[in-house]
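# Per-entry structural report
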Amino acid sequence: MRIGQAIDIHQLVEGRDLILAGVRIEHTLGLLGHSDADVLTHAIAESILGALALGDLGKHFPDTDPAYKNANSIHLLEHVYELMNNEGYHIGNVDATIMAEKPKMAPHILKMRENIANALHCDMSRISIKATRGEKLGFVGEEKGMCALSVCLLEEH
């Protein structure tokens with residue numbers, strides 16, 4: 001059994017799509033990054049890599065590599081699943097939190113959980129995704145960025 005945790009942060013900007021756990025969400029702002037900047041999927045992937053002591057996303061998918069420009073982060077998570085599987089582990093559970101002032105996440109959470117569960121080849125009951133607001137405080141509350149936190153438990157096959 002192994003435990004991993006991670007945090008990911010991206011700036012909100014105009015002219016980019018807002019994608020979280022592979023779900024495109026209508027909003028006036030999107031997340032800035034080399035890939036699709038899916039802050040939630042990044043945090044989940046890094047928590048798994050951390051549990052396996054395999055480094056971070058930058059080690060596996062460097063932002064200096066043009067192959068990852070605008071990459072779909074769900075595909076990156078599928079690669080992380082292969083690493084986890086090859087190491088002899090599967091998902092016990094993932095507990096993730098999105099920190100975003102706007103838009104409302106509740107209408108999208110079920111599809112987010114489904115996308116993450118599919119990428120990690122596990123039952124959706126093992127994936128928890130929650131959201132909270134910044135209550136107008138800090139970079140989240142001022143809508144300058146979004147943050148996601150993830151904790152995972154990996155179990156041996």
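So, how was this worked out
- Residues numbered from 1 in each chain as written.
- Predicted model: local features only at pLDDT ≥ 70, side-chain atom pairs only at ≥ 80, totals over all residues.
- Heavy atoms only, no water.
- Helix = DSSP H or I, 4+ residues; strand = E, 2+ residues; numbered from the N terminus.
- Expected span 1.5 Å × (residues − 1).
- Contact = heavy atoms within 4.5 Å.
- Pairing = 2+ DSSP bridges.
- Axes fitted to C-alpha atoms, helices over the stretch in contact; angles between N-to-C directions.

Next up on the list: helix H3 (residues 73-86). An ideal rise of 1.5 Å per residue puts 20 Å on 14 residues; H3 measures up with 20 Å between its terminal C-alpha atoms. For H3, the secondary structure elements touched by its buried residues are helix H1 (39-51), strand E5 (89-99), helix H4 (109-119) and strand E7 (145-156). Immediately beyond the C-terminal end of H3, within one or two residues, lies Gly 88, with a positive phi of roughly 90°.

All right, on to the sheet that holds strand E4 (residues 30-31) then. Pairing in this open sheet of five strands is mixed, and the strands run E4-E1-E7-E5-E6 from one edge to the other. In the strand order of this sheet, the two ends are held by E4 and strand E6 (127-132), each with one partner. Bridge count between strand E1 (residues 2-13) and E7: 10 bridges; the pairing is antiparallel. The partner of Gln 5 across the bridge, within E7, is Val 151. Helix-sheet contacts for H4 involve E5 and E6, and the interaxial angle to E6 is about 140°.

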